[in-house]
Amino acid sequence: MKKIYISAILSFVGLLSLKAESLTQLEGSFKTGPAIILIAILLTFVLVGIFFRAKDPADYYAAGRKISKVGSGMAIASNWMSAASVLGMAGMMYGFGYNGLAYVVGWTGGYVLLLILMAAQIRKYGKYTAPDFIGDRYYSRDLRIVSAIFTILISFAYCVGQFGGIGLMFKWILGMDYTWAVIIGSSVVLLYTLISGMIGATKNMQIQYVIIVISFLIPTFIMAFKFDYFWLIPQIGYGEAVADIVRGIPAPNLADGAALLNAYGHDFAIVPSPEFAMPWDPSTGTTFFQWMAICFSLMVGTAGLPHVIQRFYVVPKVSDARWSVVWGLFFISLVYWTAPAYSTFGKLLSSNPEVGVLAKDAIVVYTAQLGGVNSLVVGLLAAGAVSAAFSTVSGLLVAGASAFSHDLYVRVINPDSTPKSQLKVARIGTIIMALAVTAVAIMKLGLIAQLVSVAFSMAACTIFPLFLLGIWWSGSNRTGAKAGLFAGILVTTISLTYFIVGLSGGSLPGQTFIAYWLNVWYFAWIGAPLAIIVNIVVSRFSAPTPVEIKKFLAEHVHN
């Protein structure tokens, strides 16, 4: 059994700065210290956006291709560290134990796929956006339009959850109504995105990553030290905490004659919970198939997200695109490696029945509060979550606006438009998308969490197959791409239809079967392979890809 060394100063300051009745709810009054931190960070974002403002469409779409590989790696990590990752990933492991690791494995694996299969090749092809690549590679105006629409839909679905996360953190720090919290938060991110486009957003993402990683790591060092785990590397030390959960900790757990207490004054004790470390334990309701399906869907979905793919267009050289993913993986791993520590400490600190099961979407903040971490540090942690949401939202807004302006307006509606009008349309598209997402986020729909997951599966079934085959098989042609895209859309439609009907209390034939095998969290396990197979088969029996496309792939993309 671990003996706990309690730092008197940390505990005293932490307990003075927190009220027990607000430890497990994101409510409360205006918090001066955290508010100062948040406002300073928001002002920094706006000033950076003004200083690095977009002057032409290339700046707005692709940051003028002036970003270094390390800077791009930080931006990739920041763009990826959404509110769902920073706030929700630890929550999944808190609620489901080992099974929650499916999200860490899936999302990380997606970047490995990008590194191996796409990063350099996408940059070599030389287009600004995902629909631009698809329209040109498959020499199809229709595919450009459909992929642009799906880029907007995927970006919209992903954005809703981020705006919700911004609202939660603003509500906790500023003590305001959730609706106003969402409106104010979305207004700030819209302001600097409108001014700066991709170039300013990318510079902000680099700053946001530093804020995210510092704010995320500091509380784990403090809690590991207080609870006498290996605090020098808490990402390793939390393994002992997992062992304590599995075998249990009796009360009182003494250190130097004093019992370890959480911020409520409860004993740091837990009954044996071996299922926390068991893969695919029946008590969690997750099977081996579901774990693997989630991993696969998140992997290929990550590799197909338009705002992630668009990051490869901002670097000046092809080699920078590949190295930016390597750096991105390194920066991402610092946060992903730490998330399980929050879930484990949260499990221990909330084990008393008076605390009860905590809301998974805010387990990171709850854990820091229950651990008696100083309120300023908790405020910095909340600001880090806001930064994560901001970085993702800005990338999504630019991706959606680029699809609207560059791929629909310029390529389809008005090919003779001037750079000035293109920039104007891009900004109008950004405003429209931000207003629509804000309206949905304010409604606090139960679908918000599902919408984020649907974005991954939708991207896996539609965008990913077109990029994979478009890059690596010159035989994939326009007819095959359309057929494969239709197959992916069909699977998506079936899954969404059954999910919506089931959520409303209705039932369709085979409801239970579809709910298990084509769940909205992971329907890409069948949708993505089906789209690829259909694309290959139809391409084999239709008119071949034009010679100039094959020549371009051979000479410019694959050397």
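Thresholds applied
- Numbers given to residues run from 1 along each chain, matching the order in which its sequence is written.
- Two thresholds apply to this predicted model, a pLDDT of at least 70 for residue-level local features and 80 or more for giving and counting side-chain atom pairs, whereas whole-chain, interface and lining totals are computed over all residues.
- No hydrogens and no water enter the side-chain calculation; it runs on all heavy atoms of the structure.
- Any Lys or Arg side-chain nitrogen found within 4 Å of a carboxyl oxygen on Asp or Glu counts as a salt bridge.
- For the purposes of this entry, the term helix denotes a DSSP run of H or I that reaches at least four residues, the term strand denotes a run of E that reaches at least two, and both are numbered from the N terminus.
- For every residue, the accessible area (1.4 Å probe, protein chains only) is compared with the maximum for its type, and the residue is labelled buried under 20%, exposed over 50%, or partly exposed between those bounds.
- Any two residues having at least one pair of non-hydrogen atoms within 4.5 Å are treated as being in contact.
- The criterion for an aromatic pair is that two Phe, Tyr or Trp rings (for Trp, the six-membered ring) have centres within 6.5 Å, with stacked assigned to planes under 30 degrees apart, edge-to-face to planes over 60 apart and tilted to the rest.
- As a reminder, the over-ring test applies to NZ of lysine and CZ of arginine, requiring each to be within 6 Å of the ring centre and within 35 degrees of the ring normal.
- Along the chain, pLDDT gives the predictor's confidence residue by residue, from 0 to 100.
- Here an axis means a line fitted to C-alpha atoms, over the contact stretch when the element is a helix, while the angle between two N-to-C directions is reported on a 0 to 180 degree scale.
- Here is the rule for angles: anything less than 35 degrees is roughly parallel, anything more than 145 is roughly antiparallel, 65 through 115 is roughly perpendicular, and the remaining ranges are oblique.
- The sense of a crossing depends on the near helix, which, turned anticlockwise from the far helix by less than a right angle, makes the crossing left-handed and, turned clockwise, makes it right-handed.
- Under the scheme applied, nonpolar residues are Ala, Val, Leu, Ile, Met, Phe, Trp, Tyr, Cys and Pro; charged residues are Asp, Glu, Lys and Arg; polar residues are all the others, including Gly.
- Helix span is expected to be 1.5 Å times the residue number reduced by one.
- The arc in question is the one spanned by the directions pointing from the helix axis to the C-beta atoms.

### Some points on the pattern of salt bridges
Scanning the entire structure with this criterion turns up six salt bridges. Here D407 makes a salt bridge to R144, at a shortest N to O gap of 3.8 Å. Pair noted here: D407 is in helix 16 (residues 375-413) and R144 is in helix 8 (residues 141-174), with a separation of 263 residues, a long-range link. Comparing D407 with R144 shows no difference in burial state: the two are buried. A salt bridge links E240 to R247, with the nearest nitrogen and oxygen atoms 3.9 Å apart. What emerges from the salt-bridge pattern is a single network uniting D132, R144, D407 and R411.

### Here we look at the environment of V557
Mapped onto the secondary structure, V557 falls in helix 22 (residues 547-557). Excluding its chain neighbours within four sequence positions, the residues that come into contact with V557 are Q121, K124, Y125 and F552.

### Observations concerning the packing of aromatic side chains
Per the counting criterion, the structure on display carries 24 aromatic pairs. With a centroid separation of 6.4 Å and 85° between ring planes, the pair formed by Y103 and W521 is classed as edge-to-face. A residue pair is termed long-range when its members are at least 10 positions apart, and Y103 in helix 6 (residues 101-125) and W521 in the loop between helix 20 (511-517) and helix 21 (524-540) qualify at 418 residues. Taking the relative accessible area as the measure of exposure, W521 reaches 27% and is therefore partly exposed. Taken together, a centroid distance of 5.5 Å and an interplanar angle of 35° make the contact between F289 and Y516 tilted. Of the two residues, F289 sits in helix 11 (residues 288-302) while Y516 sits in helix 20, which places them 227 residues apart along the sequence. By relative accessible area, F289 is classed as buried at 18%. A connected cluster of aromatic rings, assembled from ring pairs, spans F289, F513, Y516, W517, Y522 and W525. Just above the ring of Y138 sits the side chain of R137; from NZ or CZ to the centre is 4.8 Å.

### Considering unusual backbone geometry
In the segment running from A251 into P252, the intervening peptide bond is cis, with an omega of -5°. By secondary structure assignment, the location of P252 is in the loop between helix 10 (234-247) and strand 1 (254-255). Phi at Y139 takes a positive value of approximately 40°, unusual for a residue other than glycine. As for its position among the elements, Y139 is in the loop between helix 7 (130-137) and helix 8. A residue is classified by how much of its surface remains accessible, and Y139, at 24% relative accessible area, is partly exposed. Unusually for a residue other than glycine, D228 sits at a positive phi of about 65°. For D228, the position within the fold is in the loop between helix 9 (178-226) and helix 10. Residue classification places D228 among the partly exposed positions, given a relative accessible area of 31%.

### Concerning the confidence of the model for the protein
Model confidence for the protein is summarised by a mean pLDDT of 81, while 87% of its residues fall at 70 or above. When pLDDT is averaged over each helix and strand of the protein, the minimum, 36, is found for helix 1 (residues 8-16) and the maximum, 97, for helix 21. Overall, residues 1-21 carries pLDDT values under 50, and its contacts beyond four positions in sequence, including any with other chains, amount to 50 contacts.

### Some details on the packing of helix 6 against helix 13 (residues 318-336)
Their axes nearest at 7 Å, the elements helix 6 and helix 13 cross at an angle of 170°. On the basis of their axis angle, the class for helix 6 and helix 13 is roughly antiparallel. Read as a crossing pair, helix 6 and helix 13 show a hand that is right-handed. Taken together, the residues of helix 13 that come into contact with helix 6 (itself represented by V104, W107, T108, Y111, V112, L115, A119, A120, Q121, R123 and K124) are V318, A321, R322, V325, V326, L329, I332 and Y336. Among the residues making up the contact of helix 6 with helix 13, the classes are represented as 14 nonpolar, two polar and three charged.

### Some thoughts on helix 2 (residues 32-51)
One turn of the α-helix equals 3.6 residues, which is why residues spaced by three or four share an orientation. Under the 1.5 Å per step criterion, the end-to-end length of helix 2 is 28 Å for 20 residues, consistent within 8% with the ideal 28 Å. By the burial criterion, the buried members of helix 2 are P34, A35, L38, I41, L42, F45, V46, V48 and G49. One face of helix 2 carries all of its buried residues, which in axial projection span an arc of 160°. Structural note: helix 2 exposes I36, L43, L47 and F51 on the side pointing more than 90 degrees away from its buried face.

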